[in-house]
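# Tertiary structure, described
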Amino acid sequence: MQIQNYINGQLHPAQSGGWLDNFNPSNGQVYSQIPDSDAADVQAAVEAAEAAFPAWSTCGVNERYRILHRIADLIRERLEELAQAESKDSGKAITTSRTVDIPRAEANIRFFATAILHFGSESHQMEGMAVNYTLRQPIGVVGCISPWNLPLYLFTWKIAPALAAGNCVVAKPSELTPMTGFLLSKICIEAGLPAGVLNIVHGLGPKAGQAIVEHPKIKAVSFTGGTSTGRILARTAAPMFKKLSLELGGKNPNVIFADCNFEEAVSTTVRSSFANNGQICLCGSRVYIERPIYEKFRDELVRRAKNLKVGDPFDAGTDLGSLVSKQHREKVQGYLALAREEGGTVLCGGEPVELPGELSGGYYLSPAVVEGLPNACRTNQEEIFGPVVTLQPFDTEEEALALANGVEYGLASTIWTSDISRAARVAERIQAGIVWINCWMVRDLRTPFGGVKNSGVGREGGTEALRFFTEAKNVCIKY
Ligand code: TXE
């Protein structure tokens, strides 16, 4: 089965005729191929986007609202097909694809289809003399590059505001999980999205992705991926004065005080630790527990981690499918070996899981809990992005903040306490773009989404995204 690029409203192979193998990580088999696109394919996509921009940027928000909702309707109609494709491509449990990834892709599109109807701007009056009004106009051709962990979810999270704001898009999903991006192309064709408004180019990051970032006609790029890749994009785009939105890695702390609702805290920490095999930038990978409840919490977390079912992603009873690739599982296993070298104790998990039959070739790993590591070690400083969490006790609020803030990342965090003043105090001082108090992954799409330090630059979500994908122009009328 060969995936195609979506350029100028039609499906094409790469001009070079090159193909890349696409693996099913649940059994380690090649099951499809993707175009090995390069600058020539990106050029064709940019030309199509440029040609489509005048009409798309002036067709009116109601027309964009109509077409985007039609795309969302088709995603909803095809939820099961898309969920099956997402799990086959990424290895994630089908229940995650069905209840998280695909519904959220539909929600992303509907949210921005309506948000654009309410997207106003400001005016500033100079009494008796002049009035200023601000236009927020679409930029033109923009780039959207997304990762493999939440493929259609993060792909649409960027494409939807870009299109709603009136831009035309050249987008690239990860070469590890291209399938739902390809299925989205076919949905857009069926929905009647005008040719060239959205173009999807498949291929390798350093080749097709780099060609998007460095194309002179692409004036803004929205990226989600690793921090090291974010640095490469920034180095390329900065001298070209492009707008950049960078959603990068995380190493998120859970700060759990003794006065928390224990059952809520431990059950949510199982999810925030191991959802999607820990392959979500918002997962909490460092768990700090106030000493009086440290052992009780540790033992209960380990007990529940051991009860998670690692298995066939297509079995509705599976909690955790396979990791996304052979290389990624090796990376995660490497960090578990490092954790032991750095003095940690692996309390459970961290072992490859051998499944029967054709699944024996899959990249499965049992969820791991580690204790006994210092905060400054690499295991606690570097993003592992797998089913691995570390535990550390603390005695005071000050110490908890120092531990939580003691990394170069600052994306998300959770605070568990029944003392609302303490929750607000810690939330104010924790270095993160997102703070959840007594919850995790409660998402309102209107809120600013993004991180500080090495977790990125800029914010997505709501008007933040619509402002990223528009240019502000101040018009002053003297009277
Ligand atoms: O991300 P990459 P990968 C972290 C996580 C993971 C690490 C690497 O730690 O192990 O990043 O994951 C494209 N110019 N996160 O390899 O390489 C690439 O093709 C332009 C956290 O998947 O950053 C893909 O489409 N594009 C993150 C996208 O960038 C380039 C989620 C992401 O790939 C490029 C995923 C280049 N030079 C990984 N090089 C999160 N915050 O959720 C690559 N790409």
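Residues numbered from 1 in each chain as written. Predicted model: local features only at pLDDT ≥ 70, side-chain atom pairs only at ≥ 80, totals over all residues. Heavy atoms only, no water.

### Details of the sheet that holds strand 15 (residues 368–371)
In sheet architecture, strand pairing relies on hydrogen bonds along the backbone and comes in two forms, parallel and antiparallel. On the basis of which strands lie adjacent, the open sheet formed by seven strands has the order 14-15-16-13-12-18-19 and mixed pairing. Both outer strands of the open sheet, strand 14 (345–348) and strand 19 (434–437), are each paired with one neighbouring strand and no more. Direction aside, neighbouring strands of the sheet carry axes that sit 25 degrees apart on average. With four bridges connecting them, strand 18 (residues 412–416) and strand 19 associate as parallel partners. What sits directly across from Thr414, in strand 19, is Trp436. (Pairing = 2+ DSSP bridges. Helix = DSSP H or I, 4+ residues; strand = E, 2+ residues; numbered from the N terminus. Axes fitted to C-alpha atoms, helices over the stretch in contact; angles between N-to-C directions.)

### Some thoughts on the pattern of salt bridges
Enumeration according to the criterion identifies 27 salt bridges in this entry. Between Glu122 and Arg467 there is a salt bridge whose closest N-O contact spans 3.0 Å. Here Glu122, found in the loop between helix 4 (94–115) and strand 5 (123–126), pairs with Arg467, found in helix 15 (residues 462–468); they are 345 residues apart in sequence, far enough to count as distant. Among the charged side chains, a salt-bridge network with shared partners connects Asp73, Arg76, Glu106 and Arg110. (Salt bridge = Lys/Arg side-chain N within 4 Å of Asp/Glu carboxyl O.)

### Regarding the site of the ligand
The environment of the ligand is formed by 28 residues, the closest being Trp148, Glu175, Leu248, Lys331 and Glu383. At 2.6 Å from an oxygen atom of the ligand is found a side-chain nitrogen or oxygen belonging to Glu175. Thr229 is positioned such that a nitrogen or oxygen atom in its side chain is 3.0 Å from an oxygen atom of the ligand. Protein chains bury 88% of the 810 Å² of accessible surface belonging to the ligand in isolation. Listing elements by their share of the shell around the ligand, those giving two or more residues are helix 7 (205–214), strand 10 (218–224), helix 8 (227–237) and helix 11 (326–341). (Near = heavy atom within 4 Å. Polar contact = N/O pair within 3.5 Å; in protein donor to acceptor, adjacent residues only side chain to side chain. Areas by Shrake-Rupley, 256 points an atom, 1.4 Å probe, with all protein chains shown as cover.)

### Side note on helix 11
Relative to the 22 Å expected for 16 residues at 1.5 Å per residue, helix 11 spans 23 Å between its end C-alpha atoms, a close match to the ideal helical length. The set of residues buried in helix 11 consists of His328, Arg329, Val332, Tyr335, Leu336, Leu338 and Ala339. Contact partners of the buried residues in helix 11: strand 14, strand 15, helix 12 (378–381) and strand 16 (388–394). Gly343 lies just past helix 11 and shows a positive phi near 100 degrees. (Expected span 1.5 Å × (residues − 1). Buried < 20%, exposed > 50% of the residue type's maximum accessible area, 1.4 Å probe, protein only. Contact = heavy atoms within 4.5 Å.)

### Let's talk about the packing of aromatic side chains
All chains considered together, the criterion is met by eight aromatic pairs. Relative to Trp157, the ring of Phe112 has its centre 5.8 Å away and its plane inclined at 55 degrees; by these criteria the two rings are tilted. In this pair, Phe112 is assigned in helix 4 and Trp157 in helix 5 (residues 151–164), connecting sequence segments 45 residues apart. The exposure class assigned to Trp157 is buried, which follows from its relative accessible area of 2%. Centre to centre, the rings of Trp436 and Trp440 are 6.5 Å apart; their planes meet at 70 degrees, and the pair counts as edge-to-face. The same class applies to Trp436 and to Trp440, which are both buried. The ring of Phe257 carries Arg422 above its face, with NZ or CZ at 4.0 Å from the centroid. (Phe/Tyr/Trp six-rings, centres within 6.5 Å; stacked < 30°, edge-to-face > 60°. Lys NZ or Arg CZ within 6 Å of the ring centre and 35° of its normal.)

### Looking at the domain arrangement of the protein chain
Under the domain assignment, the protein chain is made up of domain 1 (5–248 + 455–478) and domain 2 (252–445). The straight-line distance from the C-alpha centre of domain 1 to that of domain 2 is 30 Å. In this complex, domain 1 contributes 33 residues to the contact, which on the side of domain 2 involves 30 residues. Across the domain 1 to domain 2 interface the summed buried area is about 2400 Å²; carbon plus sulfur atoms make up 58%. Of all residues in domain 1, Ser26, Trp148 and Ser455 bury the most surface against domain 2, accounting for 22% of the area lost on that side. Where domain 1 packs against domain 2, one counts zero salt bridges. Between the two partners, domain 1 and domain 2, sit 13 residue pairs in polar contact (both at pLDDT 80 or more). When residues of the side of domain 1 that touches domain 2 are traced back to their parent elements, those giving at least two are helix 3 (79–90), helix 4 and helix 5. Per element, the largest residue contribution to the side of domain 1 that touches domain 2 is seven residues, and it comes from helix 4. Looking at the side of domain 1 that touches domain 2, its residues break down into twelve nonpolar, 16 polar and five charged. (Domains from an automatic or database assignment. Buried area = accessible area lost by both parts, 1.4 Å probe. Nonpolar A, V, L, I, M, F, W, Y, C, P; charged D, E, K, R; others polar.)

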